[in-house]
Amino acid sequence: MAAERRRGHGIFSGGVRWSDLHPATVVAVVFLLAYPSFSSDFFTVQIGAYSLILGTIALSLMMLAGYGGIVSLAQLTVAGFTAYLVAILGDNSVGVMGLGWPWWLTVPVSILGGAVLGALIGAIAVRTEGIYTIMITLAIAVVLFFFVRQNYVIFNGWTGFAGIEPPTLLGVYWRDPVPFYYLSLLVAGFFFCAVVYLSRSTFGLGLQAIRDNPRRMRALGFDVALHRIFAFFLAGLVSATAGVLLVWFYGRVSPGTMGVEGTIDILVIAVVGGLRHPIGPFLGAIGFVLLENFAIDLIDRERFNTVIGLVFLAIVLFSPDGVLGLWNRIRPRLRFDRNVRPASGRAETDAGDHPAGVRESTS
Amino acid sequence: MRQFIERHTFWAIVLVLLVAVFVWLIFAVWPPWLVDALGRKKTFVNTLFNGVTLGGLYFLVASGFTLVFGLMRNVNLAHGSMYLLGAYIGYDVAEASGSWFLGLAVAFLAIALSGALLQILVFRRMEGDDLRQTLVTIGLSIVAADLMLAIWSGVTYQFSPPEWLFGATKLPIVSVVKSSGAAVYIKYPIYRLTVLLVAVAIGIALWLFLNRTRIGMMIRAGVNDREMLSASGVNVQLVFAVVFALGAGLAGFAGVVGGTALSISPGEDIRYLLASLVVVIVGGLGSVTGAAIGALIIGLAEQFGLAYFPTYGVVLTFLIMVFVLAVRPQGIMGGR
């Protein structure tokens, strides 16, 4: 895994050559792997695992927004819906539904169900473009939130479900702090690499081309709508898997899990982190979770949203590419000694991320 | 209108029939089989009126939203916050001065001013960058919602409008004829009817403003071709500021009107934002007429959903939205 991570960062740091590899990448991977050994349970789960889960959900948004140019506000809805499916198909302690399927059936079916919901949302949303997509996905998210809140037969209304347990497998109870952290890390790492891979695959390149010029791609014979819907499906897979972790993390699920506040939080995380590279959402998530837990020491607990909103506003106003954009702007000033390529050019477009040969082979 | 009838004769006929059926349902005394099928006439007529008045309220909120979008391509997701802020400011002024109308006026002006400031200080800096503008409005709505919670806390407020707006009036609609032969008329709150009247008046005023004044002409020209408008010597930035102020002011105005009809509490901002979104998606972004049609449809759907299938009223709204998107992605009156 470490090797794959390095490659991911290789793109981030400006090229695909191994010699370009930044020592910071290795440090980051080692740190992530060794993290539970020196942190308390609270830091392992509430900060570490939770950041990874939120980061994975935000990753699905980043992948749609960064590569597809589609800002979907319904990604948390997909995760929440999957969480509900886990509670409905598996076991819960509420006494409503709970079909009692074994975990190896519940989890894949739930993830698939979530991804299909994502694709359905996509099918509705791709009929429109750009700014409309935000509005429509927001409307869908709010309506589904109200739906699960009103439906008592299947979704148990206001209360939702409680007592949802991860399986005990290989003699390990996966809710325990350290195993749960590694499970989250595995999922996050896997999808991180998958998204990096996707961005260079034929499909990913097609998606980016559609983002840049849908009309031209349509003229070239690409099915633009189908590409976008499939992107929604893939993003749904990412988000749905995170949704399974989310329900195991909380042990319960309620309409609030997929409420508007949460939806906006995911957007904040993705945008603050940066929508240009898969590492962005994770940076955003770590910042968000740290702020959420420790803002209480700096300001009144009640005013957390003001702080988050102001940070978000500052990022949007002054660094549209998020923290990553800031980094790209500062970096040339820090590296006087090297033969530096202009960083601004890279910030403008993703073209620099791909070797020319790969791009040409698709057109 | 004539164009519409010529081009879509079938739909025009369907529409006329629908209206005729509704008119008959409202004014006729219902035969027993209809009562069996639909329930009491009183429920039906009340639901219908509730739907239409709610539609009026939605129109007040959504018209500003759609106006701003039509000209500036700026989806103002802080529109709900402006609604709520208008309601709170209006409430405070009305309580302090004892005049409901003063509250209404101050809410309109204050929110209009905040809208103009927003346009001049923030959106002018990022013209043409739709996504960033939208993100800024999301950030603003997060901060605004939290600050409003801090200032006005989570309490539900209730306006006290002037006396003569209180109470109910008898409508010239017979609900049932008693066995003694006396007719029972349907009663309806005056205030709700006033909301409807205000909405219609605002709608007509907007139409006149857009179609009969010089600045309205500039706005329409700007909607069609912004660059050409600025090239012909018009101060586009001023037009933008005016439109943004007007759109925001309408939201503040609707805040007081709607806050009086229902109540003010945190969370209303999201509710009205959602309503505006769905209304303009259904009606067509950027079209004031579309907003009126969309508001009427959504208002009716919501109230009928609430009365006849209470659990899934919201889902009915959603289905309408999906249906419109599937058949006509640009919305009923959407241009492009």
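Residues numbered from 1 in each chain as written. Chains lettered and ligands numbered in written order. Predicted model: local features only at pLDDT ≥ 70, side-chain atom pairs only at ≥ 80, totals over all residues. Heavy atoms only, no water.

Caption draft 1: Highlighting the overall build of chain A. In terms of regular secondary structure, chain A is built from 16 helices and two strands. A buried classification covers 56% of the 363 residues belonging to chain A. Taking the intrachain contacts of chain A between residues at least 6 apart in sequence as the baseline, contacts between residues at least 24 apart amount to 75%. Only carbon and sulfur atoms are counted for the fraction: they give 65% of the accessible area of chain A, which is about 15,600 Å². (Helix = DSSP H or I, 4+ residues; strand = E, 2+ residues; numbered from the N terminus. Buried < 20%, exposed > 50% of the residue type's maximum accessible area, 1.4 Å probe, protein only. Contact = heavy atoms within 4.5 Å. Areas by Shrake-Rupley, 256 points an atom, 1.4 Å probe, with all protein chains shown as cover.)

Caption draft 2: Expanded view of the interface of chain B and chain A. Listed by partner, the interface residues are 41 residues for chain B and 37 residues for chain A. On the chain B side of the interface with chain A, the three residues burying the most area are Leu135(B), Ile142(B) and Asp146(B), jointly 15% of the side's total. On the surface where chain B and chain A come into contact, there are zero salt bridges. Between the two partners, chain B and chain A, sit one residue pair in polar contact (both at pLDDT 80 or more). Of all the secondary-structure elements, those providing two or more residues to the side of chain B that touches chain A are helix H4 (41-72), helix H7 (130-152), helix H12 (268-283) and helix H14 (313-327) of chain B. Here the element with the most residues in the side of chain B that touches chain A is H7(B); it accounts for 15 residues. By residue class, the composition of the side of chain B that touches chain A is 33 nonpolar, three polar and five charged. (Buried area = accessible area lost by both parts, 1.4 Å probe. Salt bridge = Lys/Arg side-chain N within 4 Å of Asp/Glu carboxyl O. Polar contact = N/O pair within 3.5 Å; in protein donor to acceptor, adjacent residues only side chain to side chain. Nonpolar A, V, L, I, M, F, W, Y, C, P; charged D, E, K, R; others polar.)

Caption draft 3: Region of the structure containing the packing of helix H8 (residues 190-212) of chain B against helix H11 (residues 236-261) of chain B. All names here are of chain B. At a minimum axis separation of 10 Å, H8 and H11 run at an interaxial angle of 170°. In terms of orientation, H8 and H11 fall into the roughly antiparallel class. Residues Tyr191, Arg192, Val195, Val198, Ile202, Leu206 and Phe209 of H8 form the contact with H11, whose own contacting residues are Leu246, Leu250, Phe253, Val256, Val257, Thr260 and Ala261. Of the residues in the contact of H8 with H11, the class split is 12 nonpolar, one polar and one charged. (Axes fitted to C-alpha atoms, helices over the stretch in contact; angles between N-to-C directions. Parallel < 35°, antiparallel > 145°, perpendicular 65-115°, else oblique.)

Caption draft 4: Fine view of empty space enclosed by the protein. Residue and element names in this part refer to chain B. Per the counting criterion, the structure on display carries five cavities of 30 Å³ or more. In this structure, the second largest cavity occupies an estimated 70 Å³ of space. Contributing to the lining of the second largest cavity are Met72, Arg73, Gln119, Phe123, Glu127, Gly128, Asp130, Gln133, Arg226 and Phe240. Along the lines of polarity and charge, the residues of the lining of the second largest cavity split into three nonpolar, three polar and four charged. (1 Å grid on protein atoms, 1.4 Å probe; cavity = no way out; pocket = protein on both sides within 12 Å on 5 of 7 lines; lining within 4 Å. Points joined across faces, edges and corners; volume = space filled by probe spheres on them.)

Caption draft 5: Expanded view of the packing of aromatic side chains. Going through the model one piece at a time under the given rule, you end up with 26 aromatic pairs over all chains. Both rings, one in Phe249(A) and one in Tyr250(A), keep their centres 5.2 Å apart while their planes meet at 70°; by these two values the pair is edge-to-face. The exposure class of Phe249(A) is buried, given its relative accessible area of 13%. A residue is classified by how much of its surface remains accessible, and Tyr250(A), at 35% relative accessible area, is partly exposed. Measuring from ring centre to ring centre gives 4.6 Å for Tyr91(B) and Tyr157(B), while their planes differ by 55°; the resulting arrangement is tilted. (Phe/Tyr/Trp six-rings, centres within 6.5 Å; stacked < 30°, edge-to-face > 60°.)

Caption draft 6: Highlighting the environment of Gly255(B). Residue and element names in this part refer to chain B. Along the chain, the position of Gly255 falls in helix H11. Taking C-alpha positions, Gly255 is 9.5 Å from Tyr272, a pair spaced 17 residues apart along the chain. Among all residues touching Gly255, those that are not within four sequence positions of it are Tyr83 and Ala87.

Caption draft 7: Structural view of the pattern of salt bridges. Enumeration according to the criterion identifies two salt bridges over all chains in this entry. Arg211(A) serves as the salt-bridge partner of Asp212(A), at 3.0 Å between the closest nitrogen and oxygen. A relative accessible area of 53% means that Asp212(A) is categorised as exposed. Arg271(B) is the salt-bridge partner of Glu268(B), the closest N and O atoms lying 3.9 Å from each other. Taken as a pair, Glu268(B) and Arg271(B) lie in helix H12 at a separation of three residues, close to a single helical turn.

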